[in-house]
Each structure stands twice: as structure tokens, then as C-alpha cells.
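Remarks on the overall topology
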Amino acid sequence: MISVVMPMKEPGQFYERAIESILTNFPEAEIIVVGPTSAGQSPEVRADIISGRVLFFQEPEKNLYSAVNLAVSKASSNYVAWLNVDDEMAPISNQAIAGILDGKDDIHAFNVEFINQRGDATSEIVCYRSGRYGARLMDTWYCYVNSMIFRKSILQALPFDDTYRICADRKFLFDLAKLAPTVRKHSETLVRYRRHEGSLTFNSQSRFVRRSNSRAINRELRAIYRGQLKAPASFYTFIIAATRYLRNLAEPALFFMVKR
């Protein structure tokens, strides 16, 4: 039905939970893990490769976005989802599955639920609406590429820019508006984001303090906004880019590390 791509540097303590969540809620899904050689040789991943639960591809040279692009190129399904190795897939209704299978829409957008290390729900983020894809889906920092299931051809037409280390999803959403794909909004949760000390979703305090790369990160963000100001998909995306650029200049560490 769908391919689920999982980029990772190493399996980490939540890897098995991530895999089990896919197999439980999407038993027909194809799971594609991409990472360095060391990840593929770890006992957990190696066991899943041998058992056929996952397909593993090596991508040691670049970064997260390069790994996602490689995984998408290897996917055999028409629709692709992205799950981080420390998060979980949530069950969705048969109605939502039928909506994906009918193949009418380019993107299926779902809500996001945040969980703690035990897996207990802590909060939920509701993403935007159905229809023609304009700037509205980008009107919030709380719309995650991980909460969407994409038609594979969309991700092939607009791969993630792997020259960015951490902000390419922002650039992707801006550029995506120019393609104007159709989006079906679902009122259900697709991905459960885990808050923990190794994640930016841990809490705003840790995100604000852990900002050793904030200058480099914000240079990348400002470059994205400048590019969007030169060639906006719409007047609305121009306003969004201008606002974020100015706020980034005024409070770069706080804006990125808390709003992200």
C-alpha cells in the first residue's frame, strides 16, 4: 500500500518500537531503512534485514535529506511516508486507507501526536485543510512533512535539497506550493512524535539551550526565505517568508529552536 522510509545514523533505543508500529498499523507497508554501514550492521537492524522486515540501503556520505531521497528512489509503492527512527506510526481508519488507495490526491495530511518516552500521549497538533495546495499548509511551523503521505512522483519531482543540514523540509514546503498538488486533510493522527532528550521535540527549554549550531542553522533558514522572496508561489507565501525572515533576524535562536 505505502512505502515508509526511515533515515537513521544508528538504531537508538526506540528503533524496535518504530518498526513494530509500522508492522502493526500498516502490515502491508514496505519499510526502507537508509543509513551508514554501521547502522546496517547493528544487531537489531541486521535481524530485520535477514528476516525481510526491512530493506536496507547504505548512504554514508551525506545527511538526513540525502538518505530520504535515496529511500524514495528505492520505494516500490505509489505513496510514501517518512518516519523518524525515534517516532511511531499511529493506526488510521479504513476510510483513510481507502482514500489513499483511490489515488485521487497527491498528498494526504494528518495530525501529529506528541508522546513521552513511555509512549503516553502528551499533546496533539492539528494540520491544515484539504483542497488545492497553496500557502495555507505552510502557515504554521506545526505542519510536518512526517505527518503527510506523498504520491511518490511528487517527491521525485521535488527531492529534498541535501545541501541543507537541517532546514530542507522548510525549503521543500515553500517549493512544493509552486507544484500546487492536491491535498486531502484527514482528522486522524498518522505519526506520534516522541519527546526525549535526544530530540528537538523534547521541550522548548532544552531546544533553546541546545543551540550550538544556531548561527549556521539560521543562515540556512534565511537563505531559504530569501529565495522564496525572489520567487514566491503566491503573495501569501511572500508574506510568510518576509515575516519569518524578519523574525529570524530579530530572535534567531529562540525563533528556530522553539517554533521548530
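In short, a report on the structure. (Residues numbered from 1 in each chain as written. Predicted model: local features only at pLDDT ≥ 70, side-chain atom pairs only at ≥ 80, totals over all residues. Heavy atoms only, no water.)

What about the packing of helix H1 (residues 15–25) against helix H3 (residues 43–51)?
Two measures define how a pair of helices packs: the angle their axes make with one another and the distance between the axes. Closest axis-to-axis distance for the H1/H3 pair is 10 Å, and the angle between their directions is 30 degrees. The angle between the axes of H1 and H3 places the two elements in the roughly parallel class. H3 is crossed by H1, and the crossing has right-handed handedness. Note on element contacts: H3 touches H1 through Glu44, Val45 and Asp48, opposite Tyr15, Glu16 and Ile19. (Axes fitted to C-alpha atoms, helices over the stretch in contact; angles between N-to-C directions. Helix = DSSP H or I, 4+ residues; strand = E, 2+ residues; numbered from the N terminus. Parallel < 35°, antiparallel > 145°, perpendicular 65-115°, else oblique. Left-handed = near helix turned anticlockwise from the far one by under 90°. Contact = heavy atoms within 4.5 Å.)

Let's talk about the pattern of salt bridges
Summed over all chains, the structure comprises ten salt bridges. Notably, a salt bridge pairs arginine 53 with glutamate 20, separated by 2.8 Å at the nearest N-O pair. Linking arginine 53 in the loop between H3 and strand S3 (55–58) with glutamate 20 in helix H1, this pair joins segments that are 33 residues apart in sequence. Note that glutamate 88 and arginine 194 form a salt bridge whose closest N and O atoms lie 2.5 Å from each other. Of this pair, glutamate 88 sits in strand S5 (residues 88–89) while arginine 194 sits in strand S10 (residues 182–194), and the two are 106 residues apart along the sequence. Residue classification places glutamate 88 among the buried positions, given a relative accessible area of 11%. When salt bridges that share partners are traced, they join Glu16, Glu20, Asp48 and Arg53 into one network. (Salt bridge = Lys/Arg side-chain N within 4 Å of Asp/Glu carboxyl O. Buried < 20%, exposed > 50% of the residue type's maximum accessible area, 1.4 Å probe, protein only.)

Overview of the nonpolar core
Of all hydrophobic cores here, the largest spans 33 residues; its most connected members are Trp82, Phe150, Leu155, Phe160, Phe172 and Leu176. The next biggest cluster of nonpolar side chains, apart from the first, holds 32 residues, and it includes Val4, Phe26, Ile97 and Phe110. (Core = buried A, V, L, I, M, F, W, Y, C linked by side-chain atoms within 4.5 Å.)

Some details on the pairing of strand S2 (residues 30–35)
For S2, the buried fraction is high: six of the six residues fall into the buried class. Judged by which residues are buried, S2 turns out to be covered on both faces: Glu30, Ile32 and Val34 on one side and Ile31, Val33 and Gly35 on the other are all buried. Taken together, the five bridges between strand S1 (residues 2–7) and S2 define a ladder with parallel strand orientation. Across the sheet, residue valine 5 finds its bridge partner in S2, namely isoleucine 32. (Pairing = 2+ DSSP bridges.)

Scope: geometric values only; no functional claims are made or implied.
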